[in-house]
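Reading the structure
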Amino acid sequence: MEKIIINNKEVKLYTIKNSKGMSAEVINYGTKIIKLMVADKNNKFDDVVLGFDTLQENIDKEPYFGTTCGRFANRIKDGKFSLDGVEYSLAQNNGGNALHGGIEGFNSKVWDVVQISDNSIKMYYQSKDGEEGYPGTLDCYVTYSITEDNELKIEYDASTDKATVIGLTNHSYFNLKGCGNGTVRDHILQINADFHTVLDETASPTGEIRPVDNSPFDFRKPVVIGNVIDAPEYVAGRGIDNNWTIRKNQPKELALAATLYEPVSGRKMEVLTTQPGVQIYTANWVDKQTGKYGKTFAEQDSICLETQNFPNSPNIAHFPSSVLRPGEKYQEVCIYKFSAI
């Protein structure tokens with residue numbers, strides 16, 4: 001594979017796996033998961049995440065495929081927030097909003113690999129005070145593990161030297177039939193949520209938390225995605241790009257957020273998280289292009305299940321806090337657990 005140096009750091013490919021055949025390929029550019037091999041009901045393995053064949057393509061194309069989004073995932077309205085009486089202006093890269101950390105978020109940084117074993121990899125990045133407008137120097141670690149229970153486990157750890165906001169997520173694009181094998185409209189989705197956060201015209205939350213009852217947002221029972229994806233309550237003609245509030249007994253509990261099932265392969269993916277929300281995104285803005293294995297990727301050919309704090313939470317007092325202060329630890333977990341039935 002080609003040798004690529006960015007800011008005096010080499011971009012490298014790493015493989016982690018368990019004893020049952022499940023494996024992931026990860027690069028330290030953006031901590032991107034570029035390959036995830038998972039068994040179907042006949043124990044046939046397929047790659048269930050979108051990505052590209054070469055290192056350079058994974059750097060140059062589709063900035064969020066498989067990556068860690070930060071310093072704050074999703075949108076911050078108008079690219080501004082106030083903290084301790086100080087207003088901060090962020091890089092605006094989504095209309096007037098700040099999205100996924102800004103113009104050069106964590107997805108475009110070369111991380112340092114600080115620990116590697118057969119089944120796990122731990123990476124580190126230091127985000128300097130003022131990067132993309134965010135206050136405080138942030139020391140951030142992301143650990144990927146493949147467990148013997150066929151889980152892709154993601155652990156986030158961070159600390160800061162100055163009060164700041166933080167919200168990290170993984171932005172893998174899944175297709176349980178195998179990447180490039182057609183639409184996800186036939187996947188079956190269940191979300192463990194009684195409420196969702198209402199969006200304004202810029203796709204940023206207004207602050208209203210609305211019950212899912214009697215609406216296309218009700219996934220409390222399994223729903224075929226194609227049966228609701230065209231509802232006008234979503235992005236008209238595009239698909240789903242919304243945040244749900246996960247049902248929990250207590251904050252920080254590792255709870256089931258969602259379950260995704262594909263009936264032909266029999267693959268099932270359970271998503272668990274310590275975070276309060278999950279953003280469901282049906283690849284509405286993926287331009288038709290050639291990805292891995294010569295396969296074509298297009299809109300609605302994949303789905304993201306991004307466990308996260310609520311979007312725009314730095315500006316909405318009654319949303320779960322995204323503030324991190326010196327002496328505190330940011331610690332969150334996301335698990336994508338695979339099985340086949």
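Just above sits the structure.
Let us look at the structure shown here. Quick caveat, the model's predicted, so the values are computed rather than measured.

1. Considerations on the pattern of salt bridges
- Overall, the coordinates contain 19 salt bridges when judged by the stated rule.
- Taken together, the shared-partner salt bridges connect D194, D213, D218, R220 and R247 into one network.

2. Description of the sheet that holds strand β3 (residues 13-17)
- The sheet built from four strands is open, its strands ordered β3-β4-β5-β6 with antiparallel pairing. For this open sheet the edge positions go to β3 and β6 (45-47), each flanked by a neighbour on one side alone. Direction aside, the axes of adjacent strands within the sheet are offset by 15 degrees on average.
- Bridge analysis of strand β5 (residues 33-39) against β6 gives three bridges, and the strand direction is antiparallel. Directly across from A39, in β6, lies its bridge partner F45.

3. Examining the pairing of strand β10 (residues 86-89)
- In this sheet, β10 lies alongside strand β9 (residues 80-83) in antiparallel orientation, the contact comprising four bridges. Bridge assignment links L83 to a residue of β10, and that residue is V86.
- Counting the residues that bridge the hairpin from β9 to β10 gives two residues, and of these D84 lies at a positive phi of roughly 55 degrees.

4. Considerations on the nonpolar core
- Core analysis: the largest hydrophobic core is formed by 58 residues, its most contacted members being L36, Y144, F174, W244, L305 and F338.
- With five residues, strand β14 (residues 138-146) is the largest single contributor of residues to this core.
- The residues touching F174, leaving out its near neighbours within four places in the chain, are L36, V48, V49, V184, M269, S302, I303, L305, Y336 and F338.
- Among the nonpolar cores identified, the runner-up in size contains 13 residues, and F52, A73, A283 and C304 belong to it.

5. Topic: unusual backbone geometry
- A cis geometry characterises the amide bond from G70 onward to R71, with omega recorded as 15 degrees.
- Here R71 is to be found in the loop between β7 (68-69) and β8 (75-76).
- Phi at N8 is positive, roughly 65 degrees, even though this residue is not glycine.
- Structurally, N8 is set in the loop between β1 (4-6) and β2 (9-11).
- We classify N8 as exposed; its relative accessible area is 78%.

6. Concerning the sheet that holds strand β19 (residues 193-199)
- The strand order across the open sheet built from five strands is β20-β19-β22-β25-β28, with neighbouring strands paired in antiparallel fashion. The strands lining the two open edges of the sheet, one partner per strand, are β20 (205-211) and β28 (304-308). Across the sheet, the mean angle separating the axes of adjacent strands is 30 degrees when strand polarity is ignored.
- Where strand β22 (residues 241-246) lies against strand β25 (residues 277-281), five bridges are found, and the strand directions are antiparallel. Note that in β25 the partner of W244 across the bridge is V278.

Rules of the game
- Residues numbered from 1 in each chain as written.
- Predicted model: local features only at pLDDT ≥ 70, side-chain atom pairs only at ≥ 80, totals over all residues.
- Heavy atoms only, no water.
- Salt bridge = Lys/Arg side-chain N within 4 Å of Asp/Glu carboxyl O.
- Pairing = 2+ DSSP bridges.
- Helix = DSSP H or I, 4+ residues; strand = E, 2+ residues; numbered from the N terminus.
- Axes fitted to C-alpha atoms, helices over the stretch in contact; angles between N-to-C directions.
- Core = buried A, V, L, I, M, F, W, Y, C linked by side-chain atoms within 4.5 Å.
- Buried < 20%, exposed > 50% of the residue type's maximum accessible area, 1.4 Å probe, protein only.
- Contact = heavy atoms within 4.5 Å.

Everything listed here is a matter of coordinates, which is why it stays silent on function.
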